[in-house]
Each structure stands twice: as C-alpha cells, then as structure tokens.
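The chain contents come next:
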Amino acid sequence: MTRIAVRRALVSVYDKTGLDDLARGLHASGVEIVSTGSTAARIAELGVPVIPVDSVTGFPEILGGRVKTLHPHVHAGLLADQGNPEHLSMVEELGIATFQLVVVNLYPFRETVASGASTSEIVEQIDIGGPAMVRASAKNHGSVAVVVDPAAYPDVLAAVSSGGFELSERQRLAGKAYAHTAAYDSAVANWFGQQILAADRELAATDGRDSESAFWPPYVGVALERAEVLRYGENPHQRAALYVQQGAEAGIAQAEQLHGKAMSFNNYVDGDAAYRAAYDFAEPCVAIIKHANPCGVAVASDIARAYAKAHACDPVSAFGGVIAANREVTRAMAEQVVEVFTEVLIAPGFAQPALDLLMTKANLRLLVAPGDRPRGPESRPISGGVLMQEMDSVSAPGDDPDRWTLAAGEPLDAGGLAELVFAWRAVRAVRSNAILLAKDSAAVGVGMGQVNRVDSARLAVARAGDRAIGSYAASDAFFPFADGLRVLIDAGVRAVVQPGGSIRDADSVEAAAEAGVTMYFTGVRHFAH
C-alpha cells in the first residue's frame, strides 16, 4: 500500500508539547482520536472529541496505570496488515477497529535518573506500554504511520490533510521510531548496568577482590543519531558524518555554530583537541591546534593576552589552525585573530563587538561550546570492538605539586613552581611522546608524536630556539635514558617535571644534578596516543 488515508489515530504522550494543535488539526481533518489517561483528559479540555482507551478495550486502567493499552483491541488494531484480506476479516469479525496513525512518546526515564530520584521512582519511569505500541506500529508501517517526536506534528497534519502518508514516509517514521525505542532501552540497560556495578563494587570491598574488575559495567548501550553529513573525512576520498550521542554530556559535537563554512571531519578532530586543551585550565586560556597537537597554549589575566602568548609560540604553524578559548572572546582578542588565517574559533561565548568583527571573515567557523567539557569515559573504536577508558585530565593526586618529589637540584620558588605546573598541565594535551617548554605561563616549544623521547626533546628545543634558555620543561612520561633530558639541559632549561619510574631514573637524576637543573617527579604520566 502506498498512500494511506488516516481515519483513526491513537495518541498517548507524556510530553504534551504541541498536543493542542495536533488534536485540533486531526479533528479538523475528520480523524477519530483514541487516547489514554492524562492525554485524553487534555484533549477533552480542548473541546475535541476523544475516545478513552478503556472504552476501546472494555477494561479499566489498572495497577496504577501500568496496564492500560496492553490489550488485543489496541494491539490488533496496530498490527493488522490493512492490505491483507484475512487480517481485515478477522478484526472485523472480532469488532476491532484499525489505526492508521499512532502518536506516542515515552516516560522521561533519563530525566528521572538525572534528577537523583529514588530507585522506585526510576523504575516507575520504565515505560512498557509506550514502547510496545511504538514497536508494533513501526513493524506494521505498511499500514500505520508512527510518530514519536513532537517536532514532526506540523508535517503530520500536512500529510493527514493531503490524503495520508506515502509508504516511503511511513518507512522513515518507522526507522526513527525504532531508533527512539533503542535509545530508550539503552538508557534503561545502562542504568541497570550501573546498579549491577554498584553491587559488584560493594561485594569487592567486602571480599577483597580486585576493585578494577568492579569498575566497568557489564554492558554499555550507545544511541547515536546522525547530526550532519560532512563533505568528506580525513581525505577527500573518504565519506564522513557527525553522529551525536543521545543523553551524553554536551561537548564539541553539540557546539552551536554561529558563523562560517560547514565543519569538516578534521575541524572536529582538531576542535576537540583544542577544546580539551584550553578547558583544562581554570585561568583564562587559549590553545591553538594543528593536526590534533598544540602549536601554542597559554594562560594570562585576560583572554586577549592569552591568545597573544599562545600565538607567539609558533606563528608559522598557527596559520590555518583551530583555536579554543575558555573565556568569552573579547574585541581585543578578535582584533588579533582576524589578522591570521584561522579555520575554527571555539569559546563559551562571544562578546557582540567581537562577533561583529569576526563575522567579516566569511569562512571562519565560530562555535559556542559548553563551559565544562565532558568528564565521562571515552571510547576508541578498534577493529571488531571498542576500547573504553576514563578520560585523562590533570586531576590525579600526582598532578598536585604538593605531592611532587624533588629529585634533583634546588626547590623552585613559588613563581618557578607555577611555571612548571603550567608546563605539566599543558603537556597533557600534546600527543606522545610529548615534551613542552614554557615561559611566562605560555608554551614556547613543543615536541610531539615522535617514536622516541630524544627526538621530541630535540623538536621542542628547535621550535623554542633561544627561548629554551631559562624555560621550564615537562615530559608526559619518564625519560628511559638520560639522553633526552640532556638535550633539554644543553638547551638551557631551568627546571624539568616528569613522572619518573624508569629503571634508569638515577641516570637522569645524576645528569640534572650535575647541571644544576631542578627536576621533580610526579609519579603520574599523561600519554595521549
């Protein structure tokens, strides 16, 4: 069957957004409306004729509303193939009327969990009848159109008034409906997984089992919805799209684009790296990223000064880069940015004078991203599966300078220690092997992504040039030999912070001590592969 006229609709919604216009529009088109509970009451208040579902089933709602639509007079009306004479004969013999439209949305399970509600309250928000109706109608999309999103109501009314839904439209609606119930079931499964995890942790604490085995839930459901088709992937011959995770903490994927060309695959990758780097700092911070690595990162008393310091790290590489600022972009910062070709600028907001200036650059993408970046687990696809880990941030006990161990040289004064703390926090954003040199709370040389630490040290020193003299160096992992450290020492660094833990730590300690270079061990590393 191609186009099917809508004669009878079942409407049962928790979210009543747009319900008034929907009910009036269906009635105006001559559609008979069957409804449940509070939805039926709302429609009746509008003066629109509505048939309560218990009049259809001949059975009252029971168990506090847990059972109201789970009845053959409802589900046979949803599942009858209206192009099948045997089905039509059977429902007619049984006095069951069919539906051509079902409008349903589900109990607010995610919202209830997020509110901190009790277990019993959460369980009551596990919808049973709603998903059953949605899935039944979607299965029978040959005969029934199912709608789960209030935003679609204007299109529903347009279709109803023009003679009904085409098969292709019903198929599209059915797919969206199954995605909706899949996301809902994933949220429920994830919640149960967390309950199981909590019980496992409690058991581990009492019987002494390895607590790590009780850290990860037994299953994880992820619901992804396509948000945008991108021009291409990392390279023009690769197709690509952006998918947004339903119910996830907002991040760069949910950023609002105010201006500029459409985002590309690489823009998102670099944008996420910039977002993570800049938002790691409490002070006003700007990070400039090229190919997922910082070519500048700095903090200052104001965001314009932070940008100037970050850009000064490597002006050549900053050309065509992606910028993230963790404060509102001011006119003073914007005046500097417009002088340099930039792909993307990300911030929690833009002052209007800054926005007016930046929008003169037609291709500059301006994104407003949440002020707090997501802190939940992160995943990485591998062939045949997915790896999951806690997101790395500079928040481990070893990241606290009060817990650092002085391994060589004299203790730094407060100012010197602050410089080393900045370097340590900034190096987390650099791909391993990572070396970062800093001065005046700004990176002056970055070595990244090399297959040995010596080459990363050489690269950082080369990029810093004379600025390496008196700088403060951070290494994301220990020096396996003293050779990489000696590259920094020979360049004139004042102090070094590194995790320590190499079997040859004594060699590095000796080299630093001989050169009069202060070196601290953190006991924690920050690899970023």
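In what follows, the accompanying structure is described. (Residues numbered from 1 in each chain as written. Predicted model: local features only at pLDDT ≥ 70, side-chain atom pairs only at ≥ 80, totals over all residues. Heavy atoms only, no water.)

**Thoughts on the pattern of salt bridges**
Scanning the model with the defined rule gives 13 salt bridges in all. Across the salt bridge formed by Lys176 and Asp149, the nearest N and O atoms sit 3.2 Å from each other. Taken together, the residues span a long stretch of sequence, with Lys176 in helix 10 (residues 167–207) and Asp149 in the loop between strand 5 (145–147) and helix 9 (153–161) at a distance of 27 residues. For Lys176, a relative accessible area of 42% corresponds to the partly exposed category. Classification of Asp149 by relative accessible area gives partly exposed; the value is 27%. For Arg305, the salt bridge identified is with Asp440, shortest N-O distance 3.8 Å. In this pair, Arg305 is assigned in helix 12 (residues 303–313) and Asp440 in the loop between strand 17 (435–439) and strand 18 (442–447), connecting sequence segments 135 residues apart. Note on Asp440: relative accessible area 44%, which makes it partly exposed. Residues participating in the shared-partner salt-bridge network are Arg305, Lys309 and Asp440. (Salt bridge = Lys/Arg side-chain N within 4 Å of Asp/Glu carboxyl O. Helix = DSSP H or I, 4+ residues; strand = E, 2+ residues; numbered from the N terminus. Buried < 20%, exposed > 50% of the residue type's maximum accessible area, 1.4 Å probe, protein only.)

**A few points about the sheet that holds strand 3 (residues 51–52)**
Across the sheet, five strands lie side by side as 3-2-1-4-5; this open sheet has parallel pairing. Of all the strands in the sheet, just strand 3 and strand 5 have a single pairing partner and so form its edges. The pairing of strand 2 (residues 32–35) with strand 3 spans two bridges and is classified as parallel. If you follow Ser35 over to strand 3, its bridge partner there is Pro52. Seen against the sheet, helix 2 (residues 37–45) touches strand 1 (8–13) and strand 2 and runs at an angle of roughly 140 degrees to strand 2. Each of strand 1, strand 4 (101–105) and strand 5 touches helix 8 (residues 129–139); the most contacted strand, strand 4, lies at about 145 degrees to it. (Pairing = 2+ DSSP bridges. Contact = heavy atoms within 4.5 Å. Axes fitted to C-alpha atoms, helices over the stretch in contact; angles between N-to-C directions.)

**Thoughts on the packing of aromatic side chains**
Evaluation of the coordinates by the stated rule reveals eight aromatic pairs. With a centroid separation of 6.2 Å and an interplanar angle of 85 degrees, the aromatic rings of Phe109 and Trp191 are classed as edge-to-face. Here Phe109, found in helix 6 (residues 109–114), pairs with Trp191, found in helix 10; they are 82 residues apart in sequence, far enough to count as distant. The exposure classification of Phe109 matches that of Trp191, with both residues buried. Through a chain of ring-to-ring contacts, the aromatic side chains of Phe109, Tyr184, Trp191 and Phe192 assemble into a single cluster. Between the NZ or CZ atom of Arg8 and the centre of the ring of Phe99, over which it lies, the distance is 4.2 Å. A cation sits over an aromatic face here: Arg425 above Phe281, 5.9 Å from the ring centre. (Phe/Tyr/Trp six-rings, centres within 6.5 Å; stacked < 30°, edge-to-face > 60°. Lys NZ or Arg CZ within 6 Å of the ring centre and 35° of its normal.)

**Looking at the state of the cysteines**
Following the criterion strictly, the structure yields zero disulfides and no others. In this structure Cys295 is not part of a disulfide, and its nearest cysteine sulfur, from Cys313, lies 7.1 Å away. (Disulfide = S-S within 2.5 Å.)

**Quick word on the pairing of strand 19 (residues 472–475)**
Every second residue of strand 19 is oriented toward a common face, with Tyr472 and Ala474 on one face and Ala473 and Ser475 on the other, all of them buried. Direction of pairing for strand 17 relative to strand 19: antiparallel, over a ladder of four bridges. Opposite Ile435, over in strand 19, you have Ser475 as the bridge partner. With three bridges connecting them, strand 19 and strand 20 (residues 495–498) associate as parallel partners. Among the inter-strand pairings, Ala473 is bridged to a residue of strand 20, identified as Val496. In this region the chain leaves strand 19, passes through helix 18 (residues 483–491) and returns to the parallel neighbour strand 20; the handedness of that crossover is right-handed. (Right-handed = clockwise from strand over helix to strand, strands pointing away.)

**Concerning the nonpolar core**
In this structure, Val297, Ile346, Leu420, Trp424 and Leu436 are the most contacted members of the largest nonpolar core, which totals 49 residues. When residues no more than four places from it in sequence are discounted, the contact partners of Leu436 are Val297, Ala423, Ala426, Val427, Val430, Ala443, Gly445, Val446, Tyr472, Ala473 and Ala474. With 30 residues, the next largest nonpolar core counts Ala318, Ala347, Ala351 and Ala442 among its residues. (Core = buried A, V, L, I, M, F, W, Y, C linked by side-chain atoms within 4.5 Å.)

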